[in-house]
Amino acid sequence: MQYAKNILETIGKTPLVKLNRLTADLPCLVLAKYETFNPGNSVKDRMALQMIEDAEADGRLKPGGTIIEGTSGNTGMGLALAAIVKGYKSIFVMSDKQSKEKMDILKAVGAEVVVCPTNVAPDDPRSYYSVSKRLGDETPNSWYVNQYDNPSNTKAHYKSTGPEIWEQTDGKVTHFIVGVGTGGTISGVGGFLKKKNPNVKVWGIDTYGSVFKKYHETGVFDEKEIYPYVTEGIGEDILPANVNFDLIDGFTKVTDKDAAVYTQRLAKEEGMFLGNSAGAAVKGVLQLREHFNSEDVVVVLFHDHGSRYVGKMFNDDWMREMGYLD
Ligand SMILES: Cc1ncc(COP(=O)(O)O)c(C=O)c1O
C-alpha cells in the first residue's frame, strides 16, 4: 500500500507546468512551479512545517503550545494544518484588506483569527505586526512565528523548492521569477539555484506601494514609496530579514490592475485557477521579455489557489468597481 502517514507528508514535490498561450510571444520556455498542489493549496505549507519543526527542535514551541502569527492567510493555513496534526492551538492576525475567504478558511481549520486595520504604520500598536507580537508576549506557552525574520522560512525553500526546480529542469533553469513578500521563497530558491549555477538570474515581482524595488536599486528605504495597494501577498512596507537583496538580480513592479487582469487571464487562457500574486508574476515575466533568449528556461512560481479570490479578482462586479474591466 502507498499512503502518506498524515497530510503533512503530502507537502512538496509539486509539478512544473509549461505556460502556452500567455507567453506565446516570448522566445523562451516558461515553466510554472505549481504550488497549489500542496495540501493547504499554497507554497507556504513548506515553510510553515519547517518553522514548526525547527521551533520544536530547539524548544521554542512546546507540547500543547499556541502558535501565533501575522499572516495574509497562506502561512496561516500551513501552520494550522501542522498544528492540527501535531496538537497545537493557533491564533492568526490578519490585515483587513485580505479577502474574506482567507479568514473563513483559517477558521475552518480551527484557528482563531484577529483582524487589524491595513492603513496604519507598521509600528502602530494596531498594526498586524504589533498585534501579533503583543499576543505572542501575552499568551502563556505561546510561540510567535514571525515569518518575516524567521530563517526557517528561507531554509524550507533552500531544502525543498529549489532542489525540486533544479531536478525538474535537469539543471537547465536560467531564470527564476517570483513575487516577494517575506522573501522566503525568492531567497531560498534563488540561493539554491545560484549555488548550483551562479549564472541563474533571480528576479522579484514587486507592487506599486512597496519599498523593495527602490531599496534594491538605491539602498534607500524610501517611505514615499509606501501607499495602500490592492495586490495580495507581495510587496512590503518593511525590509524582512528573509529578503536577501544580494542574490536578487532585479525587481519589476506590476500594477494592481495588471495583476488582477492577469489572474483572470491565467484561469481563462491557461486553465490555471490561481491567486492574485500568480497574475502579478506572469505579468512580470512578460515585462522582463528583453532579458530572455531562445535557449532560456524561465521558471515562475505560482504561490496560491484561485478559490481564495472568488470575491475579488474572479468577481466581475468587484473588477468593474475597481475599474479593472474595460
Ligand atoms: C499569495 C502569496 N503570494 C506571494 C507571497 C510571497 O512569498 P514570500 O513570502 O515567500 O516572499 C505570499 C506570502 O505571503 C503569498 O501569500
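This is a predicted model, so every value here is computed, not measured.

### A short note on the site of the ligand
Around the ligand sit 16 residues, and of these Lys44, Gly181, Thr182, Thr185 and Ser277 come closest. Take threonine 185: an N or O atom from its side chain is 2.5 Å from an oxygen atom of the ligand. Histidine 303 places a polar side-chain atom, nitrogen or oxygen, 2.9 Å from an oxygen atom of the ligand. Its free accessible area being 390 Å², the ligand has 98% of it covered by the protein chains. Its atoms largely coinciding with the cavity grid, the ligand occupies the largest pocket. By residue class, the composition of the shell around the ligand is three nonpolar, eleven polar and two charged. Counting only domains with at least three residues in the shell around the ligand, you end up with domain 1 (7-37 + 157-321) and domain 2 (44-144).

### Details of helix α6 (residues 184-196)
Taking 1.5 Å per residue as the helical rise, α6 with its 13 residues ought to reach 18 Å, and the 18 Å between its terminal C-alpha atoms agrees with that figure. Looking only at α6, the buried set comprises Gly184, Thr185, Ile186, Ser187, Gly188, Val189, Gly190, Gly191, Phe192, Leu193 and Lys194. Of the surrounding elements, those touching the buried residues of α6 are α5 (151-168), β7 (175-179), β8 (201-207) and β10 (297-302).

### Observations regarding the side chain of glutamine 264
Within the secondary structure, glutamine 264 sits in helix α8 (residues 256-270). Classification of glutamine 264 by relative accessible area gives buried; the value is 10%. Setting aside chain neighbours within four positions, we find glutamine 264 in contact with Met313, Phe314, Asp316, Met319 and Leu325.

### Examining the nonpolar core
Counting residues in hydrophobic clusters, the biggest one holds 28 residues, and the most contacted among them are Leu19, Val30, Ile177, Leu266, Phe292, Val300 and Phe302. Elements with a contribution of two residues or more to this core: β2 (29-34), β8, α8, α9 (276-287) and β10. It is α9 that provides the largest number of residues to this core, a total of six residues. Residues contacting valine 300, with those up to four places away along its chain left out, are Leu19, Val30, Leu31, Ala32, Lys33, Ile177, Ala281 and Val285. Listed in part, the 27 residues of the second largest apolar core include Ile67, Met103, Val109 and Ala111.

Rules used throughout
Residues numbered from 1 in each chain as written. Predicted model: local features only at pLDDT ≥ 70, side-chain atom pairs only at ≥ 80, totals over all residues. Heavy atoms only, no water. Near = heavy atom within 4 Å. Polar contact = N/O pair within 3.5 Å; in protein donor to acceptor, adjacent residues only side chain to side chain. Areas by Shrake-Rupley, 256 points an atom, 1.4 Å probe, with all protein chains shown as cover. 1 Å grid on protein atoms, 1.4 Å probe; cavity = no way out; pocket = protein on both sides within 12 Å on 5 of 7 lines; lining within 4 Å. Sits in = over half its atoms within 2 Å of the grid points. Nonpolar A, V, L, I, M, F, W, Y, C, P; charged D, E, K, R; others polar. Domains from an automatic or database assignment. Helix = DSSP H or I, 4+ residues; strand = E, 2+ residues; numbered from the N terminus. Expected span 1.5 Å × (residues − 1). Buried < 20%, exposed > 50% of the residue type's maximum accessible area, 1.4 Å probe, protein only. Contact = heavy atoms within 4.5 Å. Core = buried A, V, L, I, M, F, W, Y, C linked by side-chain atoms within 4.5 Å.

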